[in-house]
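# Structural features, examined
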Amino acid sequence: MYHEGEFIIYGTNGVCKVEAVGRPPFAGDEARLYYTLAPVFGTETIYIPVDSPVFMRPVLSKDQAEELIETIPCIEEDEPDTHSLRLISEHYQAALQSHDCHDLVQLIKTVYAKSQRGGRRVSQIDQRYRKRAEDLLHGELSVALGIPMSEVQPYIAHMISKNTRVKA
């Protein structure tokens, strides 16, 4: 069970802060406990039963976030072996639904590599899933590292550059 004040990943909504654990105003006499979640990068309030089957996990720690950033250069692209937009979309959707930061990095790198090959323009599906993966990844890293979301990409670039120089 998560506690008030904790940051969690909730489904595909991304990072949410647990505002409260208890009975929400609409519950009446129902004894079921709910989380009241506030998406960090949104404005709505989410009420979800504590025992909901929707995916939830704690946000990465600062150490885990820094470790992930160190591994980014080693994460390889994973382009599906198909030209079917439906299958590509399903492949990308599976990466998003894994709720794994490694898979999000892999999706981002895959689409970026596609865009670099032969000046080829990436499809709207590629662009949409890359943007969603970036939003989820950068949102989690922002909270884990305690920096604004707008500074996550420059931070990643700086750390990768710094680590590359140290190893050279």
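Here is what the cut-offs are and how they apply
Residues numbered from 1 in each chain as written. Predicted model: local features only at pLDDT ≥ 70, side-chain atom pairs only at ≥ 80, totals over all residues. Heavy atoms only, no water. Helix = DSSP H or I, 4+ residues; strand = E, 2+ residues; numbered from the N terminus. Polar contact = N/O pair within 3.5 Å; in protein donor to acceptor, adjacent residues only side chain to side chain. Axes fitted to C-alpha atoms, helices over the stretch in contact; angles between N-to-C directions. Contact = heavy atoms within 4.5 Å. Nonpolar A, V, L, I, M, F, W, Y, C, P; charged D, E, K, R; others polar. Salt bridge = Lys/Arg side-chain N within 4 Å of Asp/Glu carboxyl O. Buried < 20%, exposed > 50% of the residue type's maximum accessible area, 1.4 Å probe, protein only. Pairing = 2+ DSSP bridges.

Tracing the backbone through its elements, the reader meets S52 in the loop between β4 (46-49) and β5 (56-58). At 3.1 Å, the side chain of S52 and the backbone nitrogen of V54 are in polar contact.

As a further point, take the packing of helix α2 (residues 85-97) against helix α3 (residues 101-116). Between α2 and α3, the shortest axis-to-axis distance is 8 Å and the interhelical angle comes to 145°. Listed contacts from α3 to I88, Y92, A95 and L96 of α2 are D103, L104, L107, T110, V111 and K114. Across the contact of α2 with α3, the residue classes break down as 7 nonpolar, 1 polar and 2 charged.

The subject of this paragraph is the pattern of salt bridges. If you walk through the whole model with that rule in mind, you get 6 salt bridges. Between R32 and D51 there is a salt bridge; the shortest N-O distance is 3.0 Å. Linking R32 in the loop between β2 (14-22) and β3 (34-39) with D51 in the loop between β4 and β5, this pair joins segments that are 19 residues apart in sequence. Taking the relative accessible area as the measure of exposure, R32 reaches 37% and is therefore partly exposed. Overall, D51 belongs to the exposed group, its relative accessible area being 53%.

Further remarks concern the pairing of β4. Where β3 and β4 come together, 4 bridges link them in antiparallel fashion. What sits directly across from Y35, in β4, is I48. Following β3, the chain reverses through 6 residues before pairing antiparallel with β4.

Strand direction decides the pairing type here: strand β1 (residues 7-10) and β2, joined by 4 bridges, are antiparallel. Of the residues in β2, the one forming a bridge with Y10 is G14. What sits between the antiparallel neighbours β1 and β2 is a turn of 3 residues, in which G11 has the positive phi angle 50°. Where β2 and β3 come together, 6 bridges link them in antiparallel fashion. Among the inter-strand pairings, K17 is bridged to a residue of β3, identified as A38.

Turning our eyes to something else, we now look at the sheet that holds β5. Strand pairing in a sheet relies on backbone hydrogen bonds. The paired strands run either parallel or antiparallel. One open sheet holds the 5 strands; their spatial order is β4-β3-β2-β1-β5, and the pairing between them is antiparallel. The open sheet has two edge strands with one neighbour each: β4 and β5. Each adjacent strand pair in this sheet contributes to an overall mean axis angle of 40°, direction not counted. The sheet contacts of helix α4 (residues 124-145) involve β1, β2 and β5, and relative to β2 the element is tilted by about 60°.

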